Amino acid sequence: MKRAIPLLLLAVLVSACIPETRTLSKTVPESMQGRWGLVPADCTSTAGDNKGLMTVSADSLRFYESTAEIAEVRERTETRLDAAFSFSGEGMVWTRDMVLTVKDSGNTLIREESGPQALQPLTYARCG
């Protein structure tokens, strides 16, 4: 005589075999938020000519003439964000895949882009 596996036990066994899908937060990690400059003058200029300044908030990145919002997150830790960003600026819109990585105890941020029009990796210093 065969014993039937209780349905609840069967459900638990089956669910253990299915990979867990998590929705990653569409926010920028707190360690990346703040003002970042490519050169020291980006952090101190009062003339509005700080073209290398990137201001990072929980939901966007602001540059000299554009803004980027997170469209899709692929990986998110406190020190690394791999995401697609939706940009807008100067009457145009575009999408760019980027990885942001914080290093040096939170004082350096590396911005790496991918795709055909990707820039070389950029290294930012946290503004004082």
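We now turn to the structure provided with this report. (Residues numbered from 1 in each chain as written. Predicted model: local features only at pLDDT ≥ 70, side-chain atom pairs only at ≥ 80, totals over all residues. Heavy atoms only, no water.)

1. A few points about the overall build of the protein
Helix and strand counts for the protein come out as 2 helices and 8 strands. In the protein, the succession of α and β elements from N to C terminus is α-β-α-β-β-β-β-β-β-β. Counting all 128 residues of the protein, 32% fall into the buried class. For the protein, the proportion of contacts with a sequence separation of at least 24, taken over those separated by at least 6, is 35%. (Helix = DSSP H or I, 4+ residues; strand = E, 2+ residues; numbered from the N terminus. Buried < 20%, exposed > 50% of the residue type's maximum accessible area, 1.4 Å probe, protein only. Contact = heavy atoms within 4.5 Å.)

2. Some thoughts on unusual backbone geometry
At Glu90, a position not held by glycine, the phi torsion is positive, near 50 degrees. The topology assignment puts Glu90 in the loop between strand S5 (80-89) and strand S6 (92-103). Taking relative accessible area as the criterion, Glu90 reaches 61% and is therefore assigned exposed. Although it is not a glycine, Ser105 sits at a positive phi angle of roughly 55 degrees. Here Ser105 is to be found in the loop between S6 and strand S7 (108-114).

3. Concerning the packing of aromatic side chains
Per the counting criterion, the structure on display carries 2 aromatic pairs. Measuring from centroid to centroid gives 5.8 Å for Phe63 and Phe87, while their planes differ by 25 degrees, and the two rings are stacked. Of this pair, Phe63 sits in the loop between strand S3 (60-62) and strand S4 (67-76) while Phe87 sits in strand S5, placing them 24 residues apart in sequence. Residues Phe63 and Phe87 agree in their burial class; the two are buried. With a centroid separation of 5.2 Å and 10 degrees between ring planes, the pair formed by Phe87 and Trp94 is classed as stacked. Here Phe87 falls in the buried class, since its relative accessible area comes to 6%. (Phe/Tyr/Trp six-rings, centres within 6.5 Å; stacked < 30°, edge-to-face > 60°.)

4. Remarks on the nonpolar core
If you look at the biggest cluster of nonpolar residues, it comprises 19 residues, and the most contacted ones within it are Met54, Leu61, Leu81, Phe85 and Leu109. Secondary-structure elements contributing two or more residues to this core are strand S2 (53-56), S4, S5 and S6. For this core, the element with the highest residue contribution is S5, accounting for 4 residues. Setting aside anything within four residues of it in sequence, one finds Leu61 in contact with Met54, Thr55, Val56, Ser66, Thr67, Ala68, Phe85, Met98 and Leu100. (Core = buried A, V, L, I, M, F, W, Y, C linked by side-chain atoms within 4.5 Å.)

5. As for the environment of Phe63
Among the residues examined, Phe63 registers a relative accessible area of 16% and is labelled buried. In sequence terms Phe63 and Leu53 are 10 residues apart; their C-alpha atoms lie 6.1 Å from each other. Apart from residues lying up to four places away in sequence, Phe63 is in contact with Leu53, Met54, Ala68, Phe87, Arg111 and Tyr124.

6. Some words on the pairing of S6
Bridge count between S5 and S6: 10 bridges; the pairing is antiparallel. Within the sheet, the bridge partner assigned to Ser86 lies in S6 and is Thr95. Pairing between S6 and S7: 7 bridges, direction antiparallel. Among the inter-strand pairings, Met98 is bridged to a residue of S7, identified as Glu113. The antiparallel pairing of S6 with S7 creates a hairpin that spans 4 residues between the two strands, and Asp104 there sits at a positive phi of about 55 degrees. (Pairing = 2+ DSSP bridges.)

Structural measurements only, silent on function.
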